[in-house]
Structure formats: C-alpha cells, structure tokens
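# Observations on the three-dimensional arrangement
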Amino acid sequence: VHRSEDEVAIVCVNAACPAQLVRLLEHFVSRDMMNVENLGTKTAELLVDQGLVHDVADLYFLTPDHLLALEGFQEKKVENLLAGIEASKESPFSHLLAALGIRGVGVTVGDVLASHFGSLDALAGAGVEELEAVEGIGPHTATAVVEGFSSPHNQALVAKLRRAGLKMEAERPSGEPEALPLNGLTFVVTGTLSKFTRDEVK
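Everything in this summary refers to the structure shown in the same document. Being a predicted model, the structure only gives us computed values, none of them experimental.

## Observations regarding the overall build of the chain
Helices and strands together make up the secondary structure of the chain, namely 11 helices and zero strands. Starting at the N terminus and ending at the C terminus, the chain contains elements arranged as α-α-α-α-α-α-α-α-α-α-α. Across its three principal directions, the C-alpha atoms of the chain cover 55 × 45 × 40 Å. Looking at the chain as a whole, 35% of its 202 residues qualify as buried. When contacts within the chain are restricted to residue pairs at least 6 apart in sequence, those whose partners lie at least 24 apart make up 55%. Split by element, the accessible area of the chain, about 12,800 Å² in all, is 53% carbon and sulfur.

And the structure:
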C-alpha cells in the first residue's frame, strides 16, 4: 500500500491484486461508465476467481464456452451477459476514459478531456503542463493522467481495448452547430430536488 504525503488515503498500488481488480471491474461496468448490463458484484468476483478476467479488457474476449463452464450460468444467462458486454462497445469515448479508473478522472473530467483532446492517442501523448492548461484540470489530475498512460500495464490494457473495438475517439458534430435556444447559457441547480436527480437535471 502507498500513502501520498498530501493525502490521508492509503491506497493499494498492486495492479495484480484480485480484490482491486474486482472493484475496478465493478467500476468499469457500472451504469455511469461502460454500462454493462447483467454483470453485478457476484459475477465480477466469479470471473476474477476463475481466472477468466485478468484486466477489464478481458471482458470483451469472453466466449460462451468460458461462461457455460461456470456454476449457475445457463445458456440464456450467458447470452444476456455477452449481449450486455457487446452493447457497451457503443459507450462514448468519454465514458471509457472515466471507466479506466485513473484517479481524479470521473464522468465530468472524462467529458472535458474527451472534448479537448478528441482521441485517446492525443490525450496519452499530452504532458502535465498541457493537461493543466485545460480548464477544470488541476495538477493532481494532470499528473495522474500522465502517470496512468505512461504505465506499461495501462498501455497494454488500452491496446487490448482497442483490439476489442471500443471507441477511442470523441464523436465530432457534423456541419455547423444548430442554433438552439439554450446555447451559451449557464444554469446553476441548488437546493433539494424532489422530482429529478442531479444527473437527470444535467
């Protein structure tokens, strides 16, 4: 475990730790990230325990034969899980960035980075100063992003995700932007929300 001088959190830094892999897998497949349906905590633990998943990219290389060999996995359950994994390939690039588990990069920061850099290759090639120049990106996040993409483990992971067919570029709007009535306006939502969650308002 490791503790940074300016933080109180003690963090496991072993990328091969099974418990850490299960939590990362849960994070990766969650609704706000890659949104893989039919993959909960118990399935994540089982996939790791049985040695079928050594990193999150291994999800995309699972076959029916792999899953049918697991206890409690019948044909329909396997079909639903594989369909959920396949559908997640359509998740936007910004969600993939957030799902990778880089410290400080959640959904909002993932959107900012995807919009600014446009592709994973461009982001991975950015230095700390270039990242800090992006509005909303502080020094800790900038450093975490650079360290994340310079890690051999993460480089291999990204290469495997690329082979699996995940989106590595932000979608660019075609043609001129439409003149919508809310363009250019900023809204601040405060207080208690009774009818909508904050995400729904956003």
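## Looking at the packing of aromatic side chains
With the rule as written, the count across this model stands at one aromatic pair. Geometrically, the ring pair formed by Phe28 and Tyr60 is edge-to-face, given 6.4 Å between the ring centres and 75 degrees between the ring planes. Here the residue Phe28 occupies a position in helix H1 (residues 18–29), and Tyr60 occupies one in the loop between helix H2 (41–49) and helix H3 (64–68), the gap between them amounting to 32 residues. Across this residue pair, the class does not change: Phe28 and Tyr60 are buried. Above the ring of Phe73, the side-chain terminus of Lys77 is found at 4.3 Å from the ring centroid.

Reading the values: rules and limits
- Numbering of residues begins from 1 in every chain and follows the order in which that chain's sequence is written.
- Owing to the predicted nature of the model, reporting of local features is limited to residues with pLDDT of at least 70; listing and counting of side-chain atom pairs is limited to 80 or more, with chain, interface and lining totals taken over all residues.
- Excluded from the side-chain calculations are hydrogens and water; all other atoms, namely the structure's heavy atoms, are used.
- Secondary structure elements are taken from DSSP: a helix is a run of H or I of four residues or more, a strand is a run of E of two residues or more, and numbering for both begins at the N terminus.
- Throughout this description, buried means an accessible area under 20% of the type-specific maximum (1.4 Å probe, protein chains only), exposed means over 50%, and partly exposed covers the range between.
- The contact definition used throughout considers only heavy atoms, calling two residues in contact when any of these lie within 4.5 Å.
- Shrake-Rupley sampling with a 1.4 Å probe provides the accessible areas, and residues are treated as covered by the protein chains on show and by no other component.
- The criterion for an aromatic pair is that two Phe, Tyr or Trp rings (for Trp, the six-membered ring) have centres within 6.5 Å, with stacked assigned to planes under 30 degrees apart, edge-to-face to planes over 60 apart and tilted to the rest.
- Two limits define a charge over a ring: the Lys NZ or Arg CZ must be within 6 Å of the ring centre, and within 35 degrees of the ring normal.

Any functional reading would require information that these geometric values do not contain.
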